[in-house]
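Results of the structural survey
The chain contents come next:
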Amino acid sequence: MDETRHAGKVAIVTGGGHGIGAATVRRFLAEGAAVLVADIHPKGLARLTEEFGEERLATRITDVSDEHQVTAMVEDAVARFGRLDILVNNAGAITMGTVEEVQPADWRRIMAVDLDSVYYGSRAAIPHLVRTRGNIVNTASISGLAGNYGLVAYCTAKGAVVNLTRNMAIDHARQGIRINAVCPGPVNSHPGGMMDHPNMKPVYQRNIPMGRVGEPEEIAGVISFLASDDASFITGANLVADGGLTAHTGEPNFQELYAEEYHALQKKR
């Protein structure tokens with residue numbers, strides 16, 4: 001890890017109190033940045049303040065579905081640290097259900113947290129990022145690249161984030177702003193969450209070529225890369241980090257299904 005990779009830079013991370021967001025905050029701080037962390041839950045913010053102090057860390061309770069709160073978050077970061085170089089639109093929410101099952105209020109909540117917040121944050125940040133030739137990294141998902149059973153609202157919102165990333169990238173490239181997204185696969189980021197369901201991990205261990213789910217720190221590494229000068233010619237990318245899950249067609253493992261025939265064929269060669 002390069003302790004000077006983001007030296008002198010200022011970053012905002014939404015949804016930064018836990019999971020991928022908190023891992024990203026730790027990564028940025030370790031690599032020299034100052035960070036404003038926004039989250040709707042105060043406990044995660046308090047843990048980070050206790051861990052790192054307040055010299056290069058600021059926290060702000062923020063409901064990212066509220067445009068005024070998001071705008072105030074951006075202005076707070078600039079007022080505190082004097083500039084803005086990186087915005088990580090990471091905050092997200094999820095709900096289960098098909099189109100028939102998801103209630104309109106829940107649909108609007110997912111769109112507001114997962115999609116509208118990216119628009120609000122980017123809109124507020126871009127005037128500052130023009131000055132620093134900074135960049136935006138959005139947390140999308142492989143669920144924005146394909147569908148998942150019973151996650152219609154989440155997949156729809158993340159699919160919109162994927163294309164919003166592309167469109168903002170081409171709109172603002174000539175201003176010197178890069179805009180990319182990371183598309184994580186399943187990540188072990190929320191204790192007591194979906195990944196802890198007893199039937200979940202065996203399925204992922206079987207379906208993911210690398211045989212495991214990801215860790216928040218691994219996604220934070222991708223975010224740090226996209227936000228760094230190492231990615232200076234990358235914009236409009238939706239970089240997948242999923243252990244090879246979406247490299248697979250979803251068809252059966254023919255090598256296992258036809259194991260006897262396969263081994264017989266190998267013996268003949």
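Data block above holds the structure.
Presented here is a report on the structure given in the accompanying data block.

Cut-offs applied
- Residues numbered from 1 in each chain as written.
- Predicted model: local features only at pLDDT ≥ 70, side-chain atom pairs only at ≥ 80, totals over all residues.
- Heavy atoms only, no water.
- Axes fitted to C-alpha atoms, helices over the stretch in contact; angles between N-to-C directions.
- Helix = DSSP H or I, 4+ residues; strand = E, 2+ residues; numbered from the N terminus.
- Parallel < 35°, antiparallel > 145°, perpendicular 65-115°, else oblique.
- Left-handed = near helix turned anticlockwise from the far one by under 90°.
- Contact = heavy atoms within 4.5 Å.
- Nonpolar A, V, L, I, M, F, W, Y, C, P; charged D, E, K, R; others polar.
- Core = buried A, V, L, I, M, F, W, Y, C linked by side-chain atoms within 4.5 Å.
- Buried < 20%, exposed > 50% of the residue type's maximum accessible area, 1.4 Å probe, protein only.

At a closest axis distance of 12 Å, the pairing of helix 1 (residues 19-30) and helix 2 (residues 42-52) adopts a crossing angle of 25°. Taken together, the axes of helix 1 and helix 2 lie roughly parallel to each other. In the packing of helix 1 onto helix 2, the handedness of the crossing is right-handed. On helix 2, the residues touching V25, R26 and L29 of helix 1 are L48, E51 and F52. Its residues placed into classes, the contact of helix 1 with helix 2 shows four nonpolar, no polar and two charged.

Grouped together as the largest cluster of nonpolar side chains are 43 residues, with contacts concentrated most on I12, L36, M73 and L84. Tallying contributions element by element places helix 4 (residues 104-132) first for this core, with 10 residues. Those residues in contact with L84 that lie beyond four places of it in its chain are V10, A11, I12, V74, V78, A125, H128, L129 and T132. Formed by 22 residues, the second largest nonpolar core is a distinct cluster that contains L57, V182, I219 and V222.

Treat this as a map of the structure, not an account of what it does.
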